[in-house]
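Structural overview for review
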Amino acid sequence: MLFLRLLLIALPAAASIVEKQRTLRGTSVSNATHLSGLQRSPCHCMTDSKLWRRPIRTTPQCVFIDLGAGSGKNLEAWTSNKYGPVANCPGGKWEAILVEANPLFEPVLKKVSEKWSSMVTLDVSTAAYMCESKTAFYLDTKDVQKNVWGSGLNAQNQEMLGPGLNKVEVATININKLLTENTIPGDWVMMNMDVEGAEFDIIPCMAQSPAASLVDRLYMEQHDPSWGLEGATPATMQTALAGLRIRGVDIPMYSPTAR
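Because the structure is a prediction, the values reported are computed rather than measured.

Parameters at a glance
- Residue positions are given per chain, counted from 1 along the sequence in the order it is written.
- Owing to the predicted nature of the model, reporting of local features is limited to residues with pLDDT of at least 70; listing and counting of side-chain atom pairs is limited to 80 or more, with chain, interface and lining totals taken over all residues.
- With hydrogens and water stripped out, all remaining heavy atoms of the structure feed into the side-chain values.
- All axes here are fitted lines through C-alpha atoms, helices being fitted over the stretch that makes contact, and every angle between N-to-C directions spans 0 to 180 degrees.
- A run of H or I in DSSP becomes a helix once it reaches four residues, and a run of E becomes a strand once it reaches two; helices and strands are each numbered from the N terminus.
- Comment on the angle field: the value is read as roughly parallel under 35 degrees, roughly antiparallel over 145, roughly perpendicular from 65 to 115, and oblique elsewhere.
- When the near helix sits turned anticlockwise from the far one by under a right angle, the crossing is termed left-handed; a clockwise turn instead gives a right-handed crossing.
- The contact criterion used is simple: two residues touch if any of their non-hydrogen atoms lie within 4.5 Å.
- Side-chain atoms within 4.5 Å are what join buried Ala, Val, Leu, Ile, Met, Phe, Trp, Tyr and Cys residues into a set we call a nonpolar core.
- Per-residue accessibility, obtained with a 1.4 Å probe over protein chains only, is compared with the maximum for each type, and a residue is labelled buried under 20%, exposed over 50%, and partly exposed between these values.
- When DSSP finds two or more bridges between two strands, those strands count as paired.
- Count a disulfide wherever a pair of cysteine sulfur atoms falls within 2.5 Å.

1. Thoughts on the packing of helix α5 (residues 199-206) against helix α6 (residues 234-246)
Two elements in contact, α5 and α6, have axes whose closest approach is 8 Å; the angle formed by their N-to-C orientations is 40°. In terms of their interaxial angle, α5 and α6 are classed as oblique. Handedness of the crossing formed by α5 with α6: left-handed. For the pair formed by α5 and α6, the contact residues are E199, F200, I203, P204 and M206 on the first element and P234, T236, M237, A240, L241 and L244 on the second.

Here it is, written out as structure tokens:
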């Protein structure tokens, strides 16, 4: 195998994130009663489209896709060969695509990625999903020391309820489209997914998409199924993961210490 699984060491939240939390303007949500009726999927599964652009690139390379990129430490781990030597990528070439819905992370992500700016694409204030739309994103402004890990699309995530919850609007990006438009069959594609419950919407959809075969390795943190917006069950998830494995996707056990 080209890359070895490795636990990453969590880094503390950047000071700039703390400061932005103090000044961010959003719609405050104080309790679960106020959230009734809000938790609907903004769009539904799209597996493929003739309108999606196929890459003109023909030379294979590694592609690192980080969904829920947070403070960018997974990019730092990638470039530091902690997932395996990037020199072993086809032709020694790689690129990274970082997707992060939380706007609080934008300054630190830009700073982390600027060293490799020609090889890194940032999609900030953009939520990884299975279709394209606009949706509410709930910011956990309480758990600063834990990289505001309660933020997500579902306000009923119990880590987020209370006075430290703010709502902003973000775009969603279709992961099937992202794969189709940015990778080719000869690439070695590693996807890291930590999307606070949206995996229960994304993975069953991805398992039905031709784009799934483009992924070589998937690291995924599973959360409470109720944090998804489409009603997928643990059984649905296991069926989808089994389908991905049949199609050649390597899915090692996700390490929580990586976040």
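2. Thoughts on the nonpolar core
Residues L179, M191, I203 and L218 are the most contacted members of the largest nonpolar core, which totals 38 residues. Elements with a contribution of two residues or more to this core: β2 (62-67), β3 (94-100), β5 (126-129), α4 (175-182), β8 (188-193), α5, β9 (217-220) and α6. The leading source of residues in this core is α5, at 5 residues. Core analysis: the next-biggest nonpolar cluster, separate from the first, contains 22 residues, W78, Y83, W94 and V112 among them.

3. Describing the sheet that holds β3
The strand order β4-β3-β2-β8-β9 describes an open sheet built from 5 strands, whose pairing is parallel. Looking at which strands have only one partner, the edges of the open sheet turn out to be β4 (120-124) and β9. Across the sheet, the mean angle from the axis of one strand to that of its neighbour is 10°, orientation sign disregarded. Direction of pairing for β2 relative to β3: parallel, over a ladder of 6 bridges. Within β3, the residue paired with L67 across the bridge is V99.

4. Remarks on the state of the cysteines
All told, the structure shown has 3 disulfides when counted by the stated rule. Between the sulfur atoms of C45 and its disulfide mate C205 the distance is 2.1 Å. Looking along the S-S bond of the C45-C205 disulfide, the torsion reads about 80°, which is the right-handed sense. Taken together, the residues C45 in the loop between β1 (27-28) and β2 and C205 in helix α5 connect sequence positions 160 residues apart. In this structure C45 comes out as partly exposed when scored by relative accessible area, which is 34%. You can call C205 buried: its relative accessible area is 2%. Disulfide pairing is shown between C62 and C89; the S-S distance is 2.2 Å. Taking the torsion about the sulfur-sulfur bond, which here is approximately -105°, the covalent link between C62 and C89 counts as left-handed. Taken together, the positions of C62 in strand β2 and C89 in the loop between α2 (73-79) and β3 put the pair 27 residues apart, joining distant regions of the chain.

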